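# Topology and contacts: notes
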Amino acid sequence: MNRILTCGTLLLATLGPVSLRAQAAGGPPPPPTVLVIGREEVKVGVRSAHADFEAKWPAAFTKYNEPTHYMAMTSNSGPNEAWFVVGYPSFAAMEKDNDRQGANAPMSAELSQLSKGDAEFLTNNTSMILQLVPEIGFGSNVAIPMMRYMEVITYRVRPGHDGDFMRAATMYRDAATKGKITRPWAVYRAVSGAPMGTYLVLLPMKSIAVWDQGDADDKAIMTAMGSDGMNSLNKLVSDGVATYTSQLFEFSP
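These numbers come from a predicted model, not from an experiment.

## Some words on the side chain of Thr-154
- Tracing the chain through its elements places Thr-154 in strand β7 (residues 149–157).
- Its relative accessible area of 15% is what places Thr-154 among the buried residues.
- Excluding residues within four positions of it along the chain, Thr-154 makes contact with Thr-198, Tyr-199, Leu-200, Thr-243, Tyr-244 and Thr-245.

What follows is the structure, given as structure tokens:
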């Protein structure tokens, strides 16, 4: 598990109490306001052994009755990585959870030993803290436990061009609505642990078969936007975006 340590405490990838209450009320929860993403780069040839070692973490949390829930996902494309995604309703909630875990000295000591063992399988690990940008998300709330994959598109925006990115994302969202696109997404902006101007677009899916619909969706968006709109969109992206990459992950129960 990619560890995110603050005051010696692990922040777990979690749906969070707010999400669980929303599910109990009968509907999928909205995306959490704050994400903490831990990224582990796994050595070549030890992916299976790394996964086996990871089973020790939920066993430890069960032992200490840890209330925080977490999810993990491993890459199917791009670098060989495991991601652990922490969701919170606010930064204050993140801090409160961190303080609570730090007060559990026996659990912290055991997790520290697990972290040392985990290092055998890794070449690097990093972490990011991100904040939801709700105005450019799209679609209905998603029942994440029903999903199998997550596509992550990472945008690096040129300094001073966040406004261009926001305008482009708004145009694209409006065209997706007009074109009756059904695939939802959420957008997060990095606030720590990544270059400023980093945005992650998260697209959950039950099957990668949805990619078969990609060309038709692109045509629907282009039609909805029109040639003038496409020209404006392309200029905003060209002026404002330095790079963007897509990576496919599979949830790892």
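## A closer look at the layout of surface pockets
- Each pocket or cavity is described by its volume, and for the largest pocket that value is around 890 Å³.
- Lining the largest pocket are 30 residues; nearest its centre among them are Ile-153, Tyr-155, Tyr-172, Asp-218 and Ile-221.
- When residues of the lining of the largest pocket are traced back to their parent elements, those giving at least two are β7, α6 (162–178), β9 (198–205), α7 (214–240) and β10 (241–251).
- When residues of the lining of the largest pocket are assigned to their parent elements, the largest contribution, nine residues, is made by α7.

## Examining the packing of helix α2 (residues 47–54) against helix α3 (residues 56–63)
- Packing of α2 against α3 brings their axes to within 4 Å, and their N-to-C directions diverge by 5 degrees. On the basis of the axis angle, α2 is roughly parallel to α3. Contacts between α2 and α3 involve Asp-52, Phe-53 and Glu-54 from the former and Lys-56, Trp-57 and Pro-58 from the latter.
- Residues belonging to the contact of α2 with α3 are distributed by class as follows: three nonpolar, no polar and three charged.

## A short note on helix α5 (residues 105–118)
- Along its 14 residues, α5 runs 20 Å from first to last C-alpha, staying within 8% of the 20 Å computed at 1.5 Å per residue.
- Every buried residue of α5 is listed here: Met-107, Ser-108, Leu-111, Leu-114, Ser-115 and Asp-118. Looking down the long axis of α5, one finds its buried residues gathered within 120 degrees of arc, a one-sided arrangement. Residues Ala-105, Gln-113 and Lys-116 are exposed on α5 and point more than 90 degrees away from its buried face.

## A word on the confidence of the model for the protein chain
- Across the protein chain, the average pLDDT comes to 89, with 90% of residues at 70 or higher.
- Below a pLDDT of 50 lies the segment residues 1–24, which in the model reaches 81 contacts outside its immediate sequence neighbourhood of four places, other chains included.

## Section: the pairing of β10
- Alignment of strand β4 (residues 71–75) against β10, held across three bridges, turns out to be antiparallel. Counted as the bridge partner of Ser-75 is Phe-249 from β10.
- Bridge analysis of β7 against β10 gives nine bridges, and the strand direction is antiparallel. Paired with Thr-154 across the bridge in β10 is Thr-245.

## Some details on a nonpolar patch on the surface
- A surface patch of nonpolar side chains, about 250 Å² in accessible area, is lined by Ile-208, Val-210 and Trp-211.
- Mapped onto the secondary structure, Trp-211 falls in the loop between β9 and α7.

## Brief notes about the packing of aromatic side chains
- Counted under the stated rule, the structure contains nine aromatic pairs.
- With a centroid separation of 5.3 Å and 25 degrees between ring planes, the pair formed by Tyr-155 and Tyr-244 is classed as stacked. You can see Tyr-155 sitting in strand β7 and its partner Tyr-244 sitting in strand β10, a full 89 residues away along the chain.
- Considering the side-chain rings of Tyr-172 and Trp-185, the 5.8 Å spacing of their centres and the 45 degrees angle between planes classify their relative orientation as tilted. With a gap of 13 residues between them, Tyr-172 in helix α6 and Trp-185 in the loop between α6 and β8 (186–192) connect regions that are remote in the sequence.
- In this structure an aromatic cluster arises from ring pairing among Tyr-155, Phe-165, Tyr-199 and Tyr-244.

What counts, and at which threshold
- Residues numbered from 1 in each chain as written.
- Predicted model: local features only at pLDDT ≥ 70, side-chain atom pairs only at ≥ 80, totals over all residues.
- Heavy atoms only, no water.
- Helix = DSSP H or I, 4+ residues; strand = E, 2+ residues; numbered from the N terminus.
- Buried < 20%, exposed > 50% of the residue type's maximum accessible area, 1.4 Å probe, protein only.
- Contact = heavy atoms within 4.5 Å.
- 1 Å grid on protein atoms, 1.4 Å probe; cavity = no way out; pocket = protein on both sides within 12 Å on 5 of 7 lines; lining within 4 Å.
- Points joined across faces, edges and corners; volume = space filled by probe spheres on them.
- Axes fitted to C-alpha atoms, helices over the stretch in contact; angles between N-to-C directions.
- Parallel < 35°, antiparallel > 145°, perpendicular 65-115°, else oblique.
- Nonpolar A, V, L, I, M, F, W, Y, C, P; charged D, E, K, R; others polar.
- Expected span 1.5 Å × (residues − 1).
- Arc of directions from axis to C-beta.
- pLDDT = per-residue confidence, 0-100.
- Pairing = 2+ DSSP bridges.
- Patch = residues over 30% accessible without salt bridge, like charges linked within 9 Å, V, L, I, M, F, W, Y side chains within 5 Å.
- Areas by Shrake-Rupley, 256 points an atom, 1.4 Å probe, with all protein chains shown as cover.
- Salt bridge = Lys/Arg side-chain N within 4 Å of Asp/Glu carboxyl O.
- Phe/Tyr/Trp six-rings, centres within 6.5 Å; stacked < 30°, edge-to-face > 60°.

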